[in-house]
Amino acid sequence: MFSAKLQPPRLQAHLIDRRRALGPIVPDPPSVTFVQAPAGWGKTTMVAQWCESLGHTAVAWVSFDKGDDEPIAFWQYVTAAIDAAYPGSLRRTIAALSERSPTFGSSELNTLVGELSDLEQPLVVDIDDLHHIEDTECIDMLRVALARLTGRIRFVLISRGKPPPGISRLTARGGAHATTSDLGFSERETSALLQEVGAVPSAELTALIQDHTDGWPIAVYLAAIHIARGGETRGLASMGLLEAFLKDEILGGLPEGDREFLLRSSVVDVLDASLAEALTGDPDAGTVLVRLDESSLLVAPIGSSGGTYRLHHVLRTLLRKELAHDPHLLERQHRLATLWYLGHGDAPRAIDHSFGAGDQQWTASLLSEHWYELVMSGRVESVWQWIERLGEDSLVDHPFVVLAAAWTASFRGDGRAARRLASLSKSLVDDSPPPDGTASYASARALMLAALGIDGVTASVHHAETALQLEPEMSPRHVTALGLAGTAALAEGNDEKGRRLLEQAIETSSRPDAILTYCMGQLALADVRRSDWDGAERWSSDGVELISTLGLGHLISSGAALSSSAMVAAHQGRSGSAKALLNRLGPLLARATDAVPYDACQLHAAAAETYLALGSSSAASAHADIASTYLKALGDGGVLEQQLRELDHRLDAPSAPTVPLKDALSERELEVLRLLVTDLSIRDIGDRLYVSRNTVKSHIGRLYRKLNVSSRSAAVARAHSEGVIGDSTD
């Protein structure tokens, strides 16, 4: 079904050349063309005909449905379509979207625009059914891409609705906008169609059809087919009349078996032989689809390879209205669709159809089972929409969905919802077998409460210890419980216990994942707090490497490793590396809200420390202020309270008078200072000077005090400004 979305419709027989409707864009199309009309106006067919006439120009085609309305799904399809047209052209973008937990933000958009700008040959990108995309982030990024991609890259956007404001401005500034006034059949086209289907195209008949249909292409076509079969004309100028015409004259003329086949298949948007058989029980469903394709416009093929079909929008709407009159049959068909999609690994469509099956418990079970994998794959908004669709009042009947909702709210950065749902979870019990791999509802709830940290550090310690007691060692969530318990212990100030639990989590982890990188990052931050820079470098480097390998850079759980690595780089004088890591941390800081107040406070505090070490006191103050805000929301901040007090004190301390370095430092201190600019570790510097590691530390401590700095990078920057050393390098 994925590949079917990347195929233009196969052009059928009896089609009149409609390219003249796109007159403004043929033969030299602008960068952006918007084709807007309701169902039945031949938008897709017309654009497909135009694309077929382009000769050697590559065409990327993608069709959307309502399940694609979020950035990850949207851009995965768009990039896949472009890659199908120009294989290998979007290697870096597709690599980012193919990660285990993909993200698509400004960085990935810049990569996409850059790779498309490098194309040496022209490309047309057709985006069909854009009306299904309402997510503001999707639209905003599409607008940016359209504005920046000019010249050889041309976009054709097909929609039933008006262009969004940003895109409408682009079409108004040199683009093209085709509407129903451009797409209607002319009398010449109506006459040609009558002749094509075997009717006698007299001027009187042509004028009559034009008058009754107002040139509406689907109505013109159905009227022509009807007349060719010996029927009389009817007024088809409104959707209501068209539906009546379809029902009485077109569907009414089909064999009962074909009519029932279409009715039962109408619950889905895209069909192949396997799905059609599941919905109708007909082992010859594939043959029926081919026959319906060849004999009418009721079933339209997708792509040139065949095998996948759509029912026409107007027909599908009519059949669904009819199906709604038989609630039992409607629920049965949705249940069959749910089972088929589950069997084919398509959880999103399975959950969609489970709502129509009328079994709320089944829907809740599917959500509880699949929410995590879907959120990790970037479908956060889809999961949230399903939860809202279940309804707030019904959540109390589905405790595991409440937990999924609290987690999802935290991923959305919705602190108010996360707190409300976390509070609700405390009043619920559920003795049913957990669908999410945890030992029990009580354990799953404790894990969620410990991870979100919204009740403060002391409460997080209790929740994490509860989960650790409830999750057996063989449980897939035991490592998570160890990691959260270790983090909570560190936050409380119990370093020995925290380190032991975190190291145990790392040692017992059976696979690399987000919790593993989180544990490494927490150990690194703990080492930073006790000035063990070698340990911090080891843990943070391992964590960052794993984050890059697994593609976890967009998860807040990756922030600890990234921020500690930035702090280490700043301390070592590698300002370029520190700034690069801060840039990677930026999107996480934006997503870290009061939904996860401890993590948000910790990450902003680490960013403040890093900026201060780099000599940027204004940026440090800004992040320190944000960290303080989250500390207030947290209430009980554990070691973060003391860390922020010390940070504020350093930010408020007056700068010491400037002292010429050559007068202030001893010869040995100058030697140490010149070596600090290199990548040498403290141990390596000691080996170079033939002194112990502790002696080097003593020299560095005196250097910092004399220079009124607190990090290696600040000392190097000061020495560089005084001309004692050359440019710092990484």
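Structure first, text after, so check above.
Just so it is clear, the structure is predicted and the values come from calculations on it, not from any experiment.

Draft legend 1. Representation of the sheet that holds strand E7 (residues 299–301) within the structure. Taken in spatial order, the 3 strands line up as E6-E8-E7 in an open sheet, and their pairing is antiparallel. This sheet does not close on itself; its edge strands, each paired only once, are strand E6 (271–272) and E7. Of the strand pairs in this sheet, E7 and strand E8 (residues 308–311) are connected by 3 bridges, and their pairing is antiparallel. The residue of E8 that forms the bridge with Pro301 is Tyr309.

Draft legend 2. Focus on the state of the cysteines. Summed over all chains, the structure comprises 0 disulfides. Cysteine Cys601 shares no disulfide, and the gap to the nearest cysteine sulfur, in Cys519, comes to 20 Å. For Cys601, a relative accessible area of 0% puts it in the buried group.

Draft legend 3. Structural context of the environment of Glu388. Looking at the element boundaries, Glu388 is found in helix H19 (residues 380–390). A relative accessible area of 52% means that Glu388 is categorised as exposed. Through-space distance from the C-alpha of Glu388 to that of Ala405 is 9.1 Å; in sequence the pair is 17 residues apart.

Draft legend 4. Summary view of the sheet that holds strand E5 (residues 176–178). Reading across the sheet, the 5 strands line up as E2-E3-E4-E1-E5 and stay open at both edges, with parallel pairing between neighbours. Two strands close off the open sheet at either side, each with one partner strand: strand E2 (58–63) and E5. Within the sheet, the average angular offset between the axes of one strand and its neighbour, ignoring direction, is 15°. The pairing of E2 with strand E3 (residues 123–128) spans 6 bridges and is classified as parallel. When the bridges of E3 are listed, Ala58 appears paired with Leu123.

Draft legend 5. Representation of the packing of aromatic side chains within the structure. Under the definition given, this model contains 9 aromatic pairs. Judged by centre distance (6.1 Å) and plane angle (25°), the rings of Trp371 and Trp407 are stacked. With Trp371 in helix H18 (residues 360–376) and Trp407 in helix H20 (residues 399–412), this residue pair connects regions lying 36 residues apart in the sequence. Look at Trp407 and you get partly exposed, because its relative accessible area is 22%. Put simply, the rings of Phe64, Phe74, Trp75, Tyr77 and Phe104 pair up and form one aromatic cluster. Taking the ring centre of Tyr77 as reference, the NZ or CZ of Lys5 above it sits at 4.8 Å. Looking at Arg389, its charged tip hangs above the ring of Phe355, at a distance of 4.1 Å from the centre.

What counts as what
Residues numbered from 1 in each chain as written. Predicted model: local features only at pLDDT ≥ 70, side-chain atom pairs only at ≥ 80, totals over all residues. Heavy atoms only, no water. Pairing = 2+ DSSP bridges. Helix = DSSP H or I, 4+ residues; strand = E, 2+ residues; numbered from the N terminus. Disulfide = S-S within 2.5 Å. Buried < 20%, exposed > 50% of the residue type's maximum accessible area, 1.4 Å probe, protein only. Axes fitted to C-alpha atoms, helices over the stretch in contact; angles between N-to-C directions. Phe/Tyr/Trp six-rings, centres within 6.5 Å; stacked < 30°, edge-to-face > 60°. Lys NZ or Arg CZ within 6 Å of the ring centre and 35° of its normal.

All we've got here are geometric facts, nothing functional implied.
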